[in-house]
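# Descriptive structure summary
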Amino acid sequence: MGILSNIFSKIFPSAHATNAPASATPASTPAPNTTTAATAATPGAPAVTPMAELDVEQMLNGMAQKSAEKLNWHTSIVDLMKLLGLDSSLAARKELAKELHYTGDTNDSAAMNIWLHRQVMNKVAANGGKVPADLKD
């Protein structure tokens, strides 16, 4: 499982798609048409249900409020990864950059981190997350 998949599993724990309202906790009913064991174990799931957008900002802000550390996930890929309980080391971020096809210099960690944060927010938005406009392209 790649790092982006790990990020998705933390933000969208039900195979990265939920049918719950945006204000519900992310650990809600799995989405239909996925191939996870959780979905397969959910008898009577509707064949096609429109997916509600998950309010990622609300969810992450809630997690940040509960965190012992002051984490600024809005601008920092390191803090976002820490908030999600993932390895935020330079090696992990370089692996994420490779996974997302970063073409810049991975030794310029500041530029890479900015790019990574923007790309992760774009990917989250593209996969059903409601992300503030200023955090994505």
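Residues numbered from 1 in each chain as written. Predicted model: local features only at pLDDT ≥ 70, side-chain atom pairs only at ≥ 80, totals over all residues. Heavy atoms only, no water.

The name that an unreviewed UniProt entry assigns to the protein is DUF3597 domain-containing protein, with the source organism given as Variovorax rhizosphaerae.

## Observations concerning helix 6 (residues 109-126)
Along an α-helix, a turn takes 3.6 residues, which lines up residues three or four apart on a common side. Over its 18 residues, helix 6 extends 25 Å from the first C-alpha to the last, a length consistent with the 26 Å expected when each residue adds 1.5 Å. Packed against the buried residues of helix 6 are helix 1 (3-11), helix 3 (56-66), helix 4 (77-83), helix 5 (90-99) and strand 2 (129-130). Of the residues trailing helix 6, Gly 128 is marked for its positive phi of about 105°. (Helix = DSSP H or I, 4+ residues; strand = E, 2+ residues; numbered from the N terminus. Expected span 1.5 Å × (residues − 1). Contact = heavy atoms within 4.5 Å.)

## Notes on the environment of Met 81
Residue placement: Met 81 occurs in helix 4. Each C-alpha atom, one on Met 81 and one on Ile 3, is 9.7 Å from the other, the two residues being 78 residues apart in sequence. Sequence-distant contacts of Met 81, that is, excluding residues within four places in its chain, are made with Ile 3, Leu 86, Asp 87, Ser 88, Ala 92 and Arg 93.

## Looking at the pattern of salt bridges
Two side chains bearing opposite charge may form a pair once their charged atoms approach each other closely. As enumerated under the stated definition, the model contains 2 salt bridges in all. With its nearest N and O atoms 3.9 Å apart, the salt bridge here joins Glu 69 to Lys 82. You can see Glu 69 sitting in the loop between helix 3 and helix 4 and its partner Lys 82 sitting in helix 4, a full 13 residues away along the chain. Here Arg 118 makes a salt bridge to Asp 137, at a shortest N to O gap of 3.5 Å. In this pair, Arg 118 is assigned in helix 6 and Asp 137 in the segment after strand 2, connecting sequence segments 19 residues apart. (Salt bridge = Lys/Arg side-chain N within 4 Å of Asp/Glu carboxyl O.)

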